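Coordinates in review
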Amino acid sequence: MDKKFTVRRASPDDAGAVARIHVEATRAAYRDIYTTEYLNGLSVEDRASRWIEKDRGHLAIGDPFGVFAAFDNEVMVGFADVGPTDEKGVAELYAIYLDPDYIGKGAGRALLEACADYAASHGYKAMTATVLSRNSLARAFYERTGAEAETETERLIETGGTRELVVSYRWADLGLQ
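Described below are features of the structure shown in this document. Just so it is clear, the structure is predicted and the values come from calculations on it, not from any experiment.

Calculation notes
Residues numbered from 1 in each chain as written. Predicted model: local features only at pLDDT ≥ 70, side-chain atom pairs only at ≥ 80, totals over all residues. Heavy atoms only, no water. Phe/Tyr/Trp six-rings, centres within 6.5 Å; stacked < 30°, edge-to-face > 60°. Buried < 20%, exposed > 50% of the residue type's maximum accessible area, 1.4 Å probe, protein only. Helix = DSSP H or I, 4+ residues; strand = E, 2+ residues; numbered from the N terminus. Pairing = 2+ DSSP bridges. Right-handed = clockwise from strand over helix to strand, strands pointing away.

1. Here we look at the packing of aromatic side chains
Applying the stated criterion across every chain, the model contains 10 aromatic pairs. Measuring from ring centre to ring centre gives 5.2 Å for Tyr34 and Tyr38, while their planes differ by 85 degrees; the resulting arrangement is edge-to-face. By relative accessible area, Tyr34 is classed as buried at 11%. Centre to centre, the rings of Phe141 and Tyr142 are 6.0 Å apart; their planes meet at 50 degrees, and the pair counts as tilted. Its relative accessible area of 16% is what places Phe141 among the buried residues.

Below, the structure written as structure tokens:
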């Protein structure tokens, strides 16, 4: 059974906790995909500064970006980031990362729902996300929540010190499943 998590809009004051989860989750999720050198080079301090960077960091900018954080009691256990795309009426889920100990416990769903609600309240009708093709855990989560892979979008990118295929997913209905 899923645990209940508190989800709220994150603020610039949350940059350190968001960055900690970002680094820990990246190292866990991509340990067999990204290079060891890349993963070892990740820095919480660097990530935190990126989240609050003037005119670029989504925590600093605020609307039209929504960064949400999930908490177990007072401890942040995950975050998600949603905002605009170039496609009219479609939002993008830029990121959803969880403390590895919280995968499968409901925090991801709570964050995804917060992002979908935010997108809908800002006039979006659908939402997309781009994911590494080899990230089977994220892909399965997206599919369980009603997203469909747009296989025609698959392309090769440079990321994490390697070249990887990515594919887009689309939630045509922000009500999710």
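2. What to know about the pairing of strand S5 (residues 126–132)
Counting buried residues in S5 gives 6 out of 7 residues, a clear majority hidden from the surface. Across 3 bridges, strand S4 (residues 90–98) lies against S5 in parallel orientation. In the strand pairing of S5, Val90 is matched with Ala126. Handedness of the crossover joining S4 and S5 through helix H5 (residues 107–121): right-handed. Note: S5 against strand S7 (residues 162–171), 6 bridges, orientation antiparallel. Paired with Thr128 across the strands is Arg170, a residue of S7.

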